[in-house]
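Topology and contacts: notes
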Amino acid sequence: MSDREPILETRGLRKQFGAVVAAAELDVTFHRGETVGIIGANGAGKTTFVNLVTGYQKPDGGTIRFLGRDITGQGPRHVTKAGLCRSFQIPQVFGSMSVADNLLMAVGIAEIGWLTAGSPLEQPRRRALVEELLATYRMEPYAGHRADLLPQGVRKLLDIAMATARKPALLMLDEPTSGISAVEKYGLMDIIMAALRAQQVTIHFIEHDMEIVGRYAERVLAFAAGDVIADGPPARVLHDPRVQELVIGRHEAARGVLNHAAPPAESGS
Ligand SMILES: Nc1ncnc2c1ncn2[C@@H]1O[C@H](COP(=O)(O)OP(=O)(O)OP(=O)(O)O)[C@@H](O)[C@H]1O
Ligand SMILES: [Mg+2]
């Protein structure tokens with residue numbers, strides 16, 4: 001994938017909370033169009049990495065470049081505007097509003113900011129964008145439903161659809177399938193991946209389910225104690241002995257959950 005344009009580059013990225021090293025001098029380069037799965041045990045530093053590059057936390061050291069621009073130390077509003085967006089472990093939706101109104105709000109905020117996003121002067125164009133998002137994320141049947149009464153999977157879709165209202169170049173998803181039953185995860189991931197690819201958004205996703213990682217990621221980044229301990233195609237990373245010990249656990253590895261890891265995807269170019 002190294003022939004592709006770099007989209008995100010960190011050099012010496014550091015973050016510490018007291019004695020806990022949450023990001024240990026991270027040097028990583030990601031490319032446009034590369035679907036990256038981020039794995040690691042609880043507390044390994046996955047969310048911290050996303051928080052640092054999206055501006056939700058300030059690094060103690062190091063640099064972050066996004067699409068060739070230095071964004072080190074910039075806050076979430078600037079980073080989002082530059083085209084790097086994220087979703088959260090817990091979906092961030094307006095519970096008392098309908099799905100369609102949540103999307104309308106997101107589209108409005110993306111265009112003009114918080115204060116006037118709910119203005120009654122909503123142009124038909126914004127409604128058309130909402131219709132497009134409803135279709136892309138297969139949420140038409142839920143358009144009029146209150147967000148806090150949605151099935152968890154649909155709430156996740158809504159959260160992700162809202163995060164794409166700004167048309168990001170890169171979207172980082174923090175555990176898109178958490179709280180979703182094993183049988184529903186694949187359907188949900190299929191919709192998310194197809195939608196984001198149709199929107200030409202590069203996807204990074206944090207995931208604990210190794211079958212999902214093996215199925216959807218073409219590159220896997222494994223974290224342990226704030227450091228990247230393996231980085232490469234899923235077939236290699238998921239079978240790495242250190243990853244099996246520190247991330248997956250012997251029990252799961254022995255159970256054979258890795259048999260589904262897809263072979264490395266070809267770039268085709
Ligand atoms: N705001 C904070 N204050 C203090 N410690 C923090 C803070 N955020 C994270 N940490 C610590 O940094 C380490 C990395 O946390 P992080 O949330 O990045 O882990 P994670 O890999 O996302 O884990 P999980 O799979 O549980 O979501 C942990 O030891 C965590 O307790
Ligand atoms: Mg986390």
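This one's a predicted model, so the numbers in the text were calculated from it and none came from an experiment.

A tally of helices and strands in the protein yields 10 helices and 10 strands. Excluding contacts between residues fewer than 6 apart, the proportion of contacts in the protein whose partners are at least 24 apart in sequence is 67%.

Along the chain, tyrosine 216 falls in helix α7 (residues 210-216). In the structure, tyrosine 216 is positioned 30 residues away from tyrosine 186 in sequence and 9.5 Å away in space, judged by C-alpha atoms. The residues contacting tyrosine 216, other than those within four sequence positions of it, are Thr35, Gly37, Met189 and Met193.

Read across the open sheet, the 6 strands follow the order β6-β7-β8-β3-β9-β10; overall the sheet is mixed. Each end of this open sheet is capped by a strand with a single partner; those strands are β6 (84-87) and β10 (227-232). With direction set aside, neighbouring strand axes in the sheet form an average angle of 20 degrees. Across the face of the sheet, helix α5 (residues 152-163) comes into contact with β6 and β7 (170-174) while running at roughly 165 degrees to β6.

This brings us to the nonpolar core. Taken as a class, soluble globular proteins show a tendency for nonpolar side chains to be buried jointly. If you look at the biggest cluster of nonpolar residues, it comprises 75 residues, and the most contacted ones within it are Leu103, Leu158 and Ala222. Look past the residues within four positions of leucine 103 in its chain and what remains in contact with it is Val130, Leu133, Leu134, Ala161 and Met162.

Bringing the environment of leucine 171 into the picture now. In this fold, leucine 171 is placed in strand β7. Leucine 171 sits in the buried class, given 22 other C-beta atoms within 10 Å. The spacing of leucine 171 and serine 87 is 84 residues in sequence and 7.6 Å in space, taken between C-alpha atoms. Excluding residues that lie within four positions of it along the chain, leucine 171 makes contacts with Cys85, Arg86, Ala163, Thr164, Leu196, Val201 and Ile203.

Let's shift gears to α5. Under the 1.5 Å per step criterion, the end-to-end length of α5 is 17 Å for 12 residues, consistent within 8% with the ideal 16 Å. When you tally the buried positions in α5, you get 10 out of 12 residues, the bulk of the element. Where α5 is concerned, the buried positions are Val154, Arg155, Lys156, Leu157, Leu158, Asp159, Ile160, Ala161, Met162 and Ala163.

What follows covers the pairing of strand β3 (residues 36-40). In terms of burial, β3 is largely enclosed, as 5 of its 5 residues are buried. Residues Val36, Ile38 and Gly40 line one face of β3 and the alternating positions Gly37 and Ile39 line the opposite face, and both faces are buried. Note that β3 and strand β9 (residues 219-224) share 5 bridges and pair parallel. Bridged to valine 36 within β9 is arginine 219.

The next point concerns the site of ligand 1. What surrounds ligand 1 is the set Phe17, Val20, Ala22, Gly40, Asn42, Gly43, Ala44, Gly45, Lys46, Thr47 and Thr48. Residue assignment for the shell around ligand 1 shows that the elements contributing at least two residues are β2 (20-31) and α1 (46-53). Considered class by class, the residues forming the shell around ligand 1 number 4 nonpolar, 6 polar and 1 charged.

Let us look at the confidence of the model for the protein. Close inspection of predicted coordinates is inappropriate in any region flagged by low pLDDT. Looking at the protein as a whole, its pLDDT mean stands at 89, while 88% of the residues score no less than 70. Low pLDDT (under 50) marks residues 259-269, which in the prediction has 18 contacts with non-local residues, meaning those over four places away or in another chain.

The next point concerns the sheet that holds β2. Ordered in space as β2-β1-β4-β5, the 4 strands form an open sheet in which the pairing is antiparallel. Bordering the open sheet on either side are β2 and β5 (69-70), each of which pairs with just one other strand. Of the pairings in the sheet, the one linking strand β4 (residues 61-66) to β5 comprises 2 bridges and is antiparallel in character. Paired with phenylalanine 66 across the bridge in β5 is arginine 69.

What follows covers the pairing of strand β8 (residues 202-206). With 5 of 5 residues buried, β8 is to be regarded as a mostly interior element. Covered by surrounding structure in β8 are Thr202, His204 and Ile206 together with Ile203 and Phe205, the residues of both alternating faces. Pairing geometry for β3 and β8, over 3 bridges, is parallel. What sits directly across from glycine 37, in β8, is phenylalanine 205. In this structure, β7 lies alongside β8, joined through 5 bridges in parallel fashion. The residue of β8 that forms the bridge with aspartate 174 is isoleucine 206. Considered for its hand, the β-α-β crossover made up of β7, helix α6 (residues 182-198) and β8 is right-handed.

Basis of the calculations
Residues numbered from 1 in each chain as written. Chains lettered and ligands numbered in written order. Predicted model: local features only at pLDDT ≥ 70, side-chain atom pairs only at ≥ 80, totals over all residues. Helix = DSSP H or I, 4+ residues; strand = E, 2+ residues; numbered from the N terminus. Contact = placed C-beta atoms within 7 Å. Pairing = 2+ DSSP bridges. Axes fitted to C-alpha atoms, helices over the stretch in contact; angles between N-to-C directions. Core = buried A, V, L, I, M, F, W, Y, C linked by C-beta atoms within 7 Å. Buried ≥ 20, exposed ≤ 12 C-beta atoms within 10 Å, placed from the backbone. Expected span 1.5 Å × (residues − 1). Near = placed C-beta within 6 Å. Nonpolar A, V, L, I, M, F, W, Y, C, P; charged D, E, K, R; others polar. pLDDT = per-residue confidence, 0-100. Right-handed = clockwise from strand over helix to strand, strands pointing away.

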